[in-house]
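Remarks on the overall topology
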Amino acid sequence: MQLTRYRNYVQEAVHAPETLQRFLAPFMEQLTEKNLGNAVELMSKDEYTEFERLLALIVEPACPFTANTF
(Lines give C-alpha, C1' and ligand atoms only; values in the text may rest on other atoms or scores of the structure.)
Protein backbone atom coordinates (compact mmCIF):
# COMPACT_ATOMS: atom_id res chain seq x y z
CA MET A 1 0.00 0.00 0.00
CA GLN A 2 2.76 2.48 0.93
CA LEU A 3 4.78 1.59 -2.15
CA THR A 4 1.71 2.17 -4.32
CA ARG A 5 1.17 5.61 -2.78
CA TYR A 6 4.85 6.43 -3.33
CA ARG A 7 4.67 5.36 -6.97
CA ASN A 8 1.58 7.54 -7.43
CA TYR A 9 3.43 10.46 -5.81
CA VAL A 10 6.46 10.06 -8.09
CA GLN A 11 4.23 9.71 -11.15
CA GLU A 12 2.37 12.87 -10.16
CA ALA A 13 5.66 14.73 -9.66
CA VAL A 14 6.91 13.65 -13.09
CA HIS A 15 3.74 14.89 -14.79
CA ALA A 16 3.36 18.05 -12.67
CA PRO A 17 4.70 20.52 -15.28
CA GLU A 18 2.17 19.38 -17.90
CA THR A 19 -0.60 19.19 -15.31
CA LEU A 20 0.15 22.74 -14.17
CA GLN A 21 0.01 24.04 -17.74
CA ARG A 22 -3.37 22.35 -18.30
CA PHE A 23 -4.59 23.73 -14.96
CA LEU A 24 -3.52 27.29 -15.83
CA ALA A 25 -4.82 27.27 -19.43
CA PRO A 26 -8.43 28.30 -18.64
CA PHE A 27 -7.22 31.19 -16.49
CA MET A 28 -4.74 32.39 -19.11
CA GLU A 29 -7.43 32.30 -21.81
CA GLN A 30 -9.44 34.85 -19.81
CA LEU A 31 -6.57 37.34 -19.62
CA THR A 32 -5.44 40.00 -22.06
CA GLU A 33 -2.15 40.43 -20.18
CA LYS A 34 -1.07 36.85 -19.64
CA ASN A 35 1.07 36.54 -16.53
CA LEU A 36 0.96 34.30 -13.51
CA GLY A 37 0.02 37.05 -11.07
CA ASN A 38 -3.07 37.93 -13.06
CA ALA A 39 -4.05 34.26 -13.36
CA VAL A 40 -3.77 33.80 -9.59
CA GLU A 41 -6.15 36.72 -9.05
CA LEU A 42 -8.86 34.80 -10.94
CA MET A 43 -8.54 31.67 -8.81
CA SER A 44 -10.85 30.62 -6.03
CA LYS A 45 -9.37 29.53 -2.71
CA ASP A 46 -9.58 25.84 -3.71
CA GLU A 47 -8.06 26.51 -7.12
CA TYR A 48 -5.23 28.44 -5.50
CA THR A 49 -4.59 25.55 -3.11
CA GLU A 50 -4.33 23.17 -6.08
CA PHE A 51 -2.03 25.64 -7.86
CA GLU A 52 0.29 25.73 -4.83
CA ARG A 53 0.29 21.92 -4.62
CA LEU A 54 1.25 21.54 -8.28
CA LEU A 55 3.87 24.24 -8.04
CA ALA A 56 5.43 22.53 -5.01
CA LEU A 57 5.66 19.28 -6.97
CA ILE A 58 7.65 21.10 -9.64
CA VAL A 59 9.87 23.18 -7.39
CA GLU A 60 10.72 20.64 -4.70
CA PRO A 61 12.66 17.50 -5.62
CA ALA A 62 10.80 14.22 -5.23
CA CYS A 63 11.15 12.73 -1.77
CA PRO A 64 12.97 9.41 -1.62
CA PHE A 65 10.92 6.45 -0.52
CA THR A 66 10.92 5.94 3.24
CA ALA A 67 8.81 3.29 4.85
CA ASN A 68 5.75 4.64 6.71
CA THR A 69 6.00 8.02 4.94
CA PHE A 70 3.38 7.43 2.30
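Residues numbered from 1 in each chain as written. Predicted model: local features only at pLDDT ≥ 70, side-chain atom pairs only at ≥ 80, totals over all residues. Heavy atoms only, no water.

Regarding the nonpolar core
Counting residues in each nonpolar core, the largest one holds 15 residues, and the members touching the most others are Leu20, Phe23, Leu24, Met43, Phe51 and Leu57. Elements that contribute at least two residues to this core include exactly α1 (2-29) and α3 (45-59). Per-element tally for this core: the top contributor is α1, with 9 residues. Non-local contacts of Leu20, meaning those with residues more than four positions away in its chain, are made with Phe51, Leu54, Leu55 and Ile58. (Core = buried A, V, L, I, M, F, W, Y, C linked by side-chain atoms within 4.5 Å. Buried < 20%, exposed > 50% of the residue type's maximum accessible area, 1.4 Å probe, protein only. Helix = DSSP H or I, 4+ residues; strand = E, 2+ residues; numbered from the N terminus. Contact = heavy atoms within 4.5 Å.)

Focus on α3
Helix length check: α3, at 15 residues, gives a terminal C-alpha distance of 21 Å against a target of 21 Å (1.5 Å per residue), a fit within 8%. Where α3 is concerned, the buried positions are Phe51, Leu54 and Leu57. The arc that holds every buried residue of α3, seen down its axis, measures 125 degrees, which confines them to one face. Along α3, exposed side chains directed more than 90 degrees from the buried face belong to Lys45 and Val59. (Expected span 1.5 Å × (residues − 1). Arc of directions from axis to C-beta.)

Side note on the environment of Val59
By the element assignment, Val59 lies in helix α3. A residue is classified by how much of its surface remains accessible, and Val59, at 62% relative accessible area, is exposed. For the pair Val59 and Pro17, spaced 42 residues apart in sequence, the C-alpha to C-alpha distance is 9.8 Å.

Comments concerning the confidence of the model for the protein chain
Chain-level statistics for the protein chain give a pLDDT mean of 89 and a share of 93% at 70 or above. The secondary-structure element of the protein chain with the lowest mean pLDDT is α1, recorded at 92, while α3 shows the highest, at 95. (pLDDT = per-residue confidence, 0-100.)

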